[in-house]
Amino acid sequence: MTKVLTDSRSIRIKGRSFLAVVLSPESPLDVWLERLDDLAARSAGFFLSRPVVLDVAELKLDKAGLKSLLAELYNRNVAIMGIEGARPSMIETGMPPALKGGKPASDVDVEPVALAEVETPAQSQKAPVTEIRSVVQSLMISEPVRSGQSIIFPEGDVTIVGSVASGAEVIAGGSIHIYGALRGRAMAGSLGNATARIFCKKLEAELLAIDGVYKVAEDIDPKLRGQAVQLWLENDTIKADKLN
């Protein structure tokens, strides 16, 4: 006799897609770790509470080398959720799980629904972190982005009709257009789009990134600060110029 399992205590498992930061270390590792420290020092909280995948495909590491790298990242409060590009024999108990088959979030099937409503601090006592997903290729936010908020839109361009406060961030798979002051972080081309650009009416950014190449506040030409600016990627270097 076959028993049908209808216990109300059964566990429900759902599939869900999240946007994670991928760290791809380069040799020599000591120099790469110094650059990581520099980024963390000049953009405090960049890795805080952020899912991070470690891609070691370009490194020649053995198990001991991988454990050493994970320890270095742990000491820097970088929480690794998974490891990509490592041989199965290198992953042991206590390490983050091996990942493979990662693909851009825009390839994941999503329900054809309207944009999710942006929750304001008055509506929730939780930290105002908002993930926006849609089947369209652009997203417009018609209000300022406040400190502590994250606008994440991997499917395409993001337009902000207002300012982006210090401590806020905008992450787009395409270009970012800000019709106000950019005081927080703007990361364009987040899924590997090197042709993405950042446009803003007033440049006062804490951090800028295009296709994973970043520039922090101290690296920005003082002549461009407070100006209307466009930024683009050229030969793995972020270039900037005033908008006419």
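For the structure, check the block above.
In this report, we go over the structure that sits alongside the text. (Residues numbered from 1 in each chain as written. Predicted model: local features only at pLDDT ≥ 70, side-chain atom pairs only at ≥ 80, totals over all residues. Heavy atoms only, no water.)

## Focus: the overall build of the protein chain
Move 1: Looking only at helices and strands, the protein chain has 2 helices and 16 strands in total.
Move 2: Looking at the protein chain as a whole, 37% of its 244 residues qualify as buried.
Move 3: Across the protein chain, the fraction of contacts at a sequence separation of at least 24, relative to all contacts at a separation of at least 6, is 34%.
Move 4: Carbon and sulfur atoms provide 51% of the accessible area of the protein chain, an area that totals close to 14,700 Å². (Helix = DSSP H or I, 4+ residues; strand = E, 2+ residues; numbered from the N terminus. Buried < 20%, exposed > 50% of the residue type's maximum accessible area, 1.4 Å probe, protein only. Contact = heavy atoms within 4.5 Å. Areas by Shrake-Rupley, 256 points an atom, 1.4 Å probe, with all protein chains shown as cover.)

## Remarks on helix α2 (residues 63–75)
Move 1: The end-to-end C-alpha distance of α2, which contains 13 residues, comes to 18 Å, matching closely the 18 Å that a straight helix rising 1.5 Å per residue would cover.
Move 2: For α2, the full list of buried residues reads G65, L66, L69, L70 and L73. Here the buried residues of α2 occupy an arc of 135° about the axis, which is enough to place them on one side. Along α2, exposed side chains directed more than 90 degrees from the buried face belong to A64, Y74 and N75.
Move 3: Where α2 terminates, the next one or two residues include N77, which has phi positive at roughly 60°. (Expected span 1.5 Å × (residues − 1). Arc of directions from axis to C-beta.)

## Here we look at the sheet that holds strand β6 (residues 138–141)
Move 1: Here we have 6 strands laid out as an open sheet, ordered β6-β8-β10-β12-β15-β16, and mixed in their pairing. In this open sheet, the two strands that pair with only one neighbour each are β6 and β16 (237–242). Each adjacent strand pair in this sheet contributes to an overall mean axis angle of 25°, direction not counted. (Pairing = 2+ DSSP bridges. Axes fitted to C-alpha atoms, helices over the stretch in contact; angles between N-to-C directions.)

## A short note on the nonpolar core
Move 1: Counting 29 residues, the largest nonpolar core has V158, I160, V164, L182, I198, L203 and L208 as its most contacted members.
Move 2: Counting 19 residues, the second-largest nonpolar core is a separate cluster that includes L33, V52, L73 and I83. (Core = buried A, V, L, I, M, F, W, Y, C linked by side-chain atoms within 4.5 Å.)

## With respect to the environment of P25
Move 1: Here P25 shows up in the loop between β1 (21–23) and α1 (29–42).
Move 2: According to the relative accessible area criterion, P25 is buried, its value standing at 2%.
Move 3: Between the C-alpha atoms of P25 and V56, which are 31 residues apart in sequence, the distance is 6.6 Å.
Move 4: Ignoring any residue separated from it by four or fewer positions in sequence, one finds P25 in contact with W32, L54, D55, L59 and L69.

## With respect to the sheet that holds β1
Move 1: Read from one edge of the open sheet, 4 strands run β1-β2-β3-β4, paired in parallel fashion. In this open sheet, the two strands that pair with only one neighbour each are β1 and β4 (98–99).
Move 2: In this sheet, β4 lies alongside strand β3 (residues 80–84) in parallel orientation, the contact comprising 2 bridges. Looking across to β4, one finds that I83 is bridged to A98.

## Focus on the pairing of strand β10 (residues 176–182)
Move 1: For β10, the tally of buried residues reaches 5 of 7 residues, placing the bulk of the element in the interior.
Move 2: Direction of pairing for strand β8 (residues 157–160) relative to β10: parallel, over a ladder of 3 bridges. Residue pairing in the sheet places T159 in a bridge with H177 of β10.
Move 3: When β10 meets strand β12 (residues 198–203), the two strands line up parallel, connected through 5 bridges. Residue pairing in the sheet places H177 in a bridge with F199 of β12.

## Description of the side chain of S175
Move 1: Its place among the elements puts S175 in the loop between β9 (169–172) and β10.
Move 2: Judged by its relative accessible area of 13%, S175 falls in the buried class.
Move 3: S175 has contacts with D157, V158, A188, A196 and R197, leaving out every residue within four places of it along the chain.

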